[in-house]
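Working through the structure, step by step
Chain by chain, the residues run as shown.
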Amino acid sequence: MLIDLFAELDRVVLAPVTDRFLGIFDLNGRFGVLFLCISYTVAYGLFRFRKHRGLTDAGSFWQFIGGSRVYLHRSALLDYQYYLIRAVLKVALVLPLVALVDPLVFRSGDYIAFFTNLWGARPQLGENLGLSLLYGLGLFLVRDFKHYWVHRAFHSRWLWEFHKVHHSAPVLVPATASRIHFVEKVVERLASVICVGLYAGVFWYLCGGEISRYTLFGVTYLVFVFNALAANLRHSHVWLSFGPRVERILNSPAQHQIHHSDAPRHFNKNFGTNLSIWDWMFGTLYTTTSTPEAIRFGTGQRDAERYLTVYSLIVTPFVELARKRRRRPAPPAPVPDADAPRY
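Residues numbered from 1 in each chain as written. Predicted model: local features only at pLDDT ≥ 70, side-chain atom pairs only at ≥ 80, totals over all residues. Heavy atoms only, no water.

Examining the pattern of salt bridges
- This structure, assessed with the given rule, holds eight salt bridges.
- With a closest N to O distance of 2.7 Å, D79 and R179 form a salt bridge. Of this pair, D79 sits in helix α5 (residues 74-101) while R179 sits in the loop between α8 (160-167) and α9 (182-207); the two residues are 100 residues apart in sequence, bridging distant segments of the chain.
- Residue R179 is classed as buried on the basis of its relative accessible area, which comes to 1%.
- Among the salt bridges present, the one from R107 reaches D102, with a minimum N-O distance of 2.2 Å.
- Its relative accessible area of 38% is what places R107 among the partly exposed residues. (Salt bridge = Lys/Arg side-chain N within 4 Å of Asp/Glu carboxyl O. Helix = DSSP H or I, 4+ residues; strand = E, 2+ residues; numbered from the N terminus. Buried < 20%, exposed > 50% of the residue type's maximum accessible area, 1.4 Å probe, protein only.)

Thoughts on the packing of aromatic side chains
- Scanning the entire structure with this criterion turns up 25 aromatic pairs.
- Between the aromatic rings of Y44 and F47, the centroid separation amounts to 6.2 Å while the plane-to-plane angle is 45°, which identifies the pairing as tilted. Of the two residues, Y44 and F47 both sit in helix α2 (residues 33-53), three residues apart, roughly one turn of that helix.
- Residue classification places Y44 among the partly exposed residues on the basis of a relative accessible area of 39%.
- For F47, a relative accessible area of 5% translates into the label buried.
- Taken together, the ring pairs connect F145, Y148, W149, F271, W278 and F282 into an aromatic cluster.
- Taking NZ or CZ as reference, R157 lies 4.8 Å from the ring centre of W158, over its face.
- The ring of W280 has R248 sitting right over it, with the charged end atom 5.7 Å from the ring centre. (Phe/Tyr/Trp six-rings, centres within 6.5 Å; stacked < 30°, edge-to-face > 60°. Lys NZ or Arg CZ within 6 Å of the ring centre and 35° of its normal.)

Points about the environment of A177
- Along the polypeptide, A177 turns up in the loop between α8 and α9.
- Judged by its relative accessible area of 25%, A177 falls in the partly exposed class.
- Put simply, A177 and H235 are 58 residues apart on the chain and 6.7 Å apart in space, counted from C-alpha to C-alpha.
- Not counting chain neighbours up to four residues away, the residues in contact with A177 comprise R30, R86, H166 and H235. (Contact = heavy atoms within 4.5 Å.)

Notes on the packing of helix α6 (residues 108-119) against α9
- One can describe the packing of α6 onto α9 by two numbers: an axis separation of 7 Å at closest approach and a directional angle of 45°. Judged by the inter-axis angle, α6 sits oblique to α9. Regarding α6 and α9, the two cross each other, and that crossing is right-handed. Where α6 abuts α9, its residues S108, Y111, I112, F115, T116 and W119 lie against G197, L198, A200, G201, V202, W204 and Y205.
- Taken together, the residues of the contact of α6 with α9 sort by class into nine nonpolar, four polar and no charged. (Axes fitted to C-alpha atoms, helices over the stretch in contact; angles between N-to-C directions. Parallel < 35°, antiparallel > 145°, perpendicular 65-115°, else oblique. Left-handed = near helix turned anticlockwise from the far one by under 90°. Nonpolar A, V, L, I, M, F, W, Y, C, P; charged D, E, K, R; others polar.)

Here's the deal with the nonpolar core
- Membership of the largest hydrophobic core comes to 19 residues, with the highest contact counts inside it found for Y82, L313 and I314.
- Those elements that provide at least two residues to this core are α5, α8, α9 and α14 (310-327).
- The residues touching L313, leaving out its near neighbours within four places in the chain, are L78, Y82, V165, S168, R179, H181 and Y307. (Core = buried A, V, L, I, M, F, W, Y, C linked by side-chain atoms within 4.5 Å.)

Brief notes about the side chain of Q257
- The topology assignment puts Q257 in helix α12 (residues 253-259).
- Residue class for Q257 comes out buried when judged on its relative accessible area of 2%.
- Within polar-contact distance, the side chain of Q257 engages the backbone oxygen of L233 at 3.0 Å.
- Those residues in contact with Q257, other than ones at most four positions away along the chain, are L172, L233, R234, S236, V238, W239, I295 and F297. (Polar contact = N/O pair within 3.5 Å; in protein donor to acceptor, adjacent residues only side chain to side chain.)

This is the structure in structure tokens:
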């Protein structure tokens, strides 16, 4: 019995946290040693450039990126904790919830069978590098497009309380990217399964069959490129703009910092992750220049004392939703119909 208890503890708590820590050496993730080094190398280049031009008052690179007031801020320390705790939440909550819905979701094989029954089998095209790169490009676009709309949906009235957990951070550090409520992760995971399953099913049908798993990882090259574009500076206090023209296509760190701003003029702007083209297409684009804008992060003074623990990050959205329901105004009384019978 005791051995089983320790085995379960290792599966649910110790192994996920260990894997989460070792994940910083994974090249497929943004929050990794390599991409952190690239981002802060870019930040150092910006510091030297602005220092030379007299565009910054920072006396050192540490001060330039925010120093202790940012990286040792209570919110940042919470983000470091939550980065590891979220691995436990994934095993304990996210995966079981996804598993409940997962059997109801069509897979790529289901779509292949559907189209085959509808239009007949397609000839096998065979595997080659061009096909792999094309699949990777399409998969990248599908995921980025999906994330834009999921992100935008979580800025709506009833989902905002969950996404507010992410926006509640008054300072931004790379680990803030992981300050995501588990409900949002469940929705993201299911949306990914649906969108990627549909895309893969259509692609594989057109190719006449499945492409090997190895060649499907052609998407990695795009993930690597975009993570190498100083992606970790999106959640930082280092202003890096790509300029108005480029920012119609690519999302810059400065654009995401605008998204985190508590100024009303910045609300509901720049939902994109890697690409800004979706914001441009759907009217939510806000471009920046090399001149930093004065920005204050967070969701207002009222929330400054409400998201200070891991417990509050998890529970507060449910409390706020319950309060919203209680505050909903009663529907107006129906106007009596003069022709209706009266008793």
